[in-house]
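Below are the chains, spelled out letter by letter.
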Amino acid sequence: MTMRERMLAVIQGREPDRVPFVQYDGLAGPNKEIWSLIGRDRMGLLRWSAVHRFEYPNCRFESVDFERAGRRARRTTLHTPAGSLTEERVFEPGLGTSAIRKHYVVEPADYRVLKAYLEDIRVCEDVEHFLRDQRELGEDGVPLVAVCRTPYQQLWVQWVCLEDLSLHLADCPETVEECMSALRRIQRQIFEIVRGSPVPFVDFPDNITAPAIGEKYFRKYCVPLYDELAGMLAQKRIPVFVHMDGSLKPLWRAIGESRVQGIDSLSPPPDNDTSPREALATWPGMRLFVNFPSSVHLAGPERIFQRTQELLAEAGGSGRLQIQISENVPPGSWRKSFPEIVRAIDAFGRFKQGSLNSQEKAVPAARHPRVELALDAIHHRPTKGIPTWLIHVMEHAFIERLAGARPGDYFRDPARTYLAFQHAAGTCLLDQFIPDNPLSMGCRGYENRAKGTTTGASEIVCDGIRVECPEAVVEHLERFIFPSLRKAIGEFDEDARVGEILKREREVQEVLGPEILKSGYGFVRFPGFRYGLYGYVHYFEAYALYPEVMEKDFSLQADLALLNNRAAARAYREGNLPPIYRLDHDMADSRGTFVRVETLDRLWFPHFARCLEPMLRTDVKMLWHCDGNLMAMAPRLLEVGIRGFQGFQYEHGMDYEKICAMKTRDGDSLTIIAGVSVSGTLCHGTPDDVRREMAWLVEKGPRVGLFLAGSSSITPGTPWANIKTFVEGLNYYREHGRVSA
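Here the structure is a predicted model, which is why all the values come from computation and not from measurement.

Engineer: What is the right way to look at the sheet that holds strand 26 (residues 706-710) in this model?
Structural biologist: Hydrogen bonds between backbone atoms are what pair the strands of a sheet, whose relative direction is either parallel or antiparallel. Spatial strand order, 19-20-23-24-25-26: six strands in an open sheet with parallel pairing. Lying at the two open borders of the sheet, with one neighbouring strand each, are strand 19 (520-521) and strand 26. In this sheet, strand 25 (residues 671-676) lies alongside strand 24 (residues 644-647) in parallel orientation, the contact comprising four bridges. Opposite Phe 645, over in strand 25, you have Ile 672 as the bridge partner.

Engineer: Honestly, the packing of helix 7 (residues 173-195) against helix 8 (residues 210-233) in this entry has me stumped. Any pointers?
Structural biologist: When two helices pack together, you describe them by how their axes are tilted relative to each other and by the distance separating the axes. Following both chains from N to C, one finds helix 7 and helix 8 inclined at 20°, their axes separated by 10 Å at the closest point. One way to sum up the angle between helix 7 and helix 8 is to call them roughly parallel. Between helix 7 and helix 8 the crossing geometry is right-handed. Of helix 8, the residues touching helix 7 (which contributes Glu 177, Met 180, Arg 184, Arg 188, Phe 191, Glu 192, Val 194 and Arg 195) are Tyr 221, Leu 225, Glu 228, Leu 229, Met 232 and Leu 233.

Engineer: When you look at the packing of helix 2 (residues 31-38) against helix 12 (residues 334-348) in this model, what are you seeing that I'm missing?
Structural biologist: Relative orientation of the contacting elements helix 2 and helix 12 amounts to 50°, with a least axis distance of 10 Å. The pairing of helix 2 with helix 12 is recorded here as oblique in orientation. Helix 2 and helix 12 meet at a crossing whose hand is right-handed. Two secondary-structure elements touch here, helix 2 through Glu 33, Ile 34, Leu 37 and Ile 38 and helix 12 through Trp 334, Arg 335, Phe 338, Pro 339 and Val 342.

Engineer: Looking at this structure, I do not really get helix 2. What am I missing?
Structural biologist: In an α-helix, one turn spans 3.6 residues; hence positions three or four apart end up facing the same way. Every buried residue of helix 2 is accounted for by Asn 31, Ile 34, Trp 35 and Ile 38. One face of helix 2 carries all of its buried residues, which in axial projection span an arc of 100°. Helix 2 presents Lys 32 and Ser 36 as exposed residues on the side facing more than 90 degrees away from its buried surface. Tucked into the core, helix 2 has its buried residues touching strand 1 (21-24), strand 2 (44-49) and helix 12. Looking one or two places after helix 2, you find Gly 39, whose phi comes out positive at around 105°.

Engineer: Hey, could you run me through the nonpolar core in this one?
Structural biologist: Taken as a class, soluble globular proteins show a tendency for nonpolar side chains to be buried jointly. Ranked by size, the top nonpolar core spans 121 residues in total, and within it Phe 608, Trp 624 and Phe 645 carry the most contacts. In contact with Phe 645, not counting residues within four places along its chain, are Leu 623, Trp 624, Cys 626, Ala 634, Leu 637, Leu 638, Ile 659, Leu 670, Thr 671, Ile 672 and Ile 673. The next biggest cluster of nonpolar side chains, apart from the first, holds 96 residues, and it includes Val 127, Leu 137, Ala 212 and Met 232.

Engineer: Help me understand the sheet that holds strand 2, please; the structure alone is not making it clear to me.
Structural biologist: Spatially, the eight strands line up as an open sheet ordered 9-2-1-14-13-12-11-10, and their pairing is parallel. Either end of the sheet is taken by a strand with one partner, and the two such strands are strand 9 (141-145) and strand 10 (202-204). Shown here is a sheet whose adjacent strand axes are inclined to one another by a mean of 25°, direction ignored. The pairing of strand 1 with strand 2 spans three bridges and is classified as parallel. In the strand pairing of strand 2, Tyr 24 is matched with Leu 46.

Engineer: Before we go on, may I ask you to explain helix 6 (residues 162-171) in this structure?
Structural biologist: When helix 6 is considered as a whole, its buried residues turn out to be Asp 164, Leu 165, His 168 and Leu 169. Viewed end-on, helix 6 has its buried residues packed into an arc of 135°, placing them on one side of the element. Opposite the buried face of helix 6, at more than 90 degrees from it, the exposed residues are Glu 163, Ala 170 and Asp 171. Close packing links the buried residues of helix 6 with helix 3 (110-120), helix 5 (151-159), helix 7 and helix 8.

Engineer: So what exactly am I meant to see when it comes to the side chain of Gln 422 here?
Structural biologist: Looking at where Gln 422 falls in the secondary structure, it is placed in helix 16 (residues 414-425). Taking relative accessible area as the criterion, Gln 422 reaches 0% and is therefore assigned buried. Sequence-distant contacts of Gln 422, that is, excluding residues within four places in its chain, are made with Leu 390, Ile 391, Thr 427, Leu 430 and Ile 516.

Engineer: Looking at this structure, how should I read the pattern of salt bridges?
Structural biologist: Should the charged atoms of two oppositely charged side chains come close, the side chains can pair. Here the structure, examined in full by the defined rule, presents 56 salt bridges. Residue Arg 74 is joined to Asp 65 by a salt bridge in which the shortest nitrogen-to-oxygen separation is 2.7 Å. The class of Arg 74 is partly exposed, set by a relative accessible area of 29%. Residue classification places Asp 65 among the partly exposed residues on the basis of a relative accessible area of 44%. The shortest N-O distance in the salt bridge between Asp 431 and Arg 582 comes to 2.7 Å. Of this pair, Asp 431 sits in the loop between strand 15 (429-430) and strand 16 (461-462) while Arg 582 sits in strand 20 (residues 580-583), placing them 151 residues apart in sequence. For the residue pair Asp 431 and Arg 582, the accessibility class agrees, reading buried in each case. Through salt bridges with shared partners, a single network forms among Arg 253, Glu 494, Asp 495, Arg 570 and Glu 574.

Thresholds, definitions, all that
- Residues numbered from 1 in each chain as written.
- Predicted model: local features only at pLDDT ≥ 70, side-chain atom pairs only at ≥ 80, totals over all residues.
- Heavy atoms only, no water.
- Pairing = 2+ DSSP bridges.
- Helix = DSSP H or I, 4+ residues; strand = E, 2+ residues; numbered from the N terminus.
- Axes fitted to C-alpha atoms, helices over the stretch in contact; angles between N-to-C directions.
- Parallel < 35°, antiparallel > 145°, perpendicular 65-115°, else oblique.
- Left-handed = near helix turned anticlockwise from the far one by under 90°.
- Contact = heavy atoms within 4.5 Å.
- Buried < 20%, exposed > 50% of the residue type's maximum accessible area, 1.4 Å probe, protein only.
- Arc of directions from axis to C-beta.
- Core = buried A, V, L, I, M, F, W, Y, C linked by side-chain atoms within 4.5 Å.
- Salt bridge = Lys/Arg side-chain N within 4 Å of Asp/Glu carboxyl O.

Now the structure itself:
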């Protein structure tokens, strides 16, 4: 890879061949001099760039250089129709940088002059600036396209000292807010230009440090604009970075709840308070442009090498780390420090293909070939064979027959027999271990099962309320469900939830042993329909008649789910769980979605998307279980961030070939768990039909990331010959892959 390719790989969430080392263009020293020492292919460049420029026809800046105490200084005057403001800067001779000694705004009356300048600004498109920088950098680097600082940050960094700004916000907040409003107007005009530009990523040069802004102002003045731009760029998959070069711990939660996808100039200990390890654990999926600690450049070569090794050990295997020079360093120190930094990166080595996800380290110790095959498919590596996903046969005699057990063994010891059946079927990946589930059926189906809310119950009573009309659904939601959700939100314990998830996943993996990989199911939350509580008729009547109540339910469910999913994302990171998860909620039948999909766009999808955000920041591939005809939902699910599908009822309109040709919102191929139809081919077809359908699933499925299984549970009454042919096909494709049978 070239340096540009490595940098873009980190930015875009792909796998680089090694951790990039980068400097802001010319910051520590002349690029060519540095390249002559360490090699051109060992240091890339980030150059500040833009796709806009300002014009202010009625204002002008006038600068005069002078000396202050023997040092070069500059006085700049801003002339506006409302008056003039003056700033004074003093230059540091060694670094060539400057510090403000007098700000433009000192008194509340000065905001009137600043406002006149801001209102005079015309934002003009200047994409050629970016394109010129891109041409000049070539394969050496990437333009760092910036928008303006957010209003609060811009005021205290550029226009008024922090102490005065704090006093002004207390004494004359309306006056300050007028300028902030003008700054937001300018920002939004820049956003529109960025949205139409061919940039790989965009950066807010905000210089965030918690002591200067605090969580309250950060959430109020910064996060909304970060999220607004991220939302505008989501469909184009352009990540939003923020320059956060200070101490960040008090802002950790707020950063995690924002839509920021990358931190530029993260400055770790000993200079500030957030390490790469803490950053990855707190914000799974975040891209980290880590500034090599400026103070360490003064240390000896051994310490510089050691500190680089520490940074690499913390985040080098994540695929989301770039070590860079983006803060001032002691003059000339690069001649000592840069060779040690690149020596440590060389020693860390190239990425092993597919090693980007550290979750692999948690698989069973033996790394059985079936587990290796499953992991290769999860990571979209080319494989010889096609792994088998969980198959779930419900007829007891067939479970025993496949397991090599005696008649009656399943009833006597369901867990052991069911596990033996999974091993015999060659299962590589399993997310639900439900050995007792077939006990709910006999050989003729649900023989003695009591009728429930969705299976013909004569009456439905919830907490003393007889559910016999849509108004009863609303009453129960408002009296019981909503208070319960609010209570759960208030009492949510993230650490405890992380522990619960990891305990359960480890327990099941231990039961499965080293030959089957346990993947995620049942612990990521999102809003669901409550037809299981109230029955189909009255629930969907309430959905149609009282959409505002339904949305309130989805909103509260999502509020709780967001808390849960932060814990789930932590569990994936801290427990090194295999990076795949299946979401499962029946939302369709053979005719299509239970409700008009346009109402889902309005009432459900916004809450579904926001509560999944912590998981979407991880590398976990979330799949959706397909029930009925979900074709109308499929593109919407992918737009949210779902990365594949499982199941498919082809006989009800699910277009397998069309879905397999779809892409994730990041442009990657989908992960597909392709199932032979359990309600069509397996149940009513012949062995030849089973063979033809399996061949079709393989031929039309994705080239990587494909698993084979049944489309759902295989019910009693399915012919043994078809099940036998199905299992033989799984074994064949697991060994031979796409080689024609």
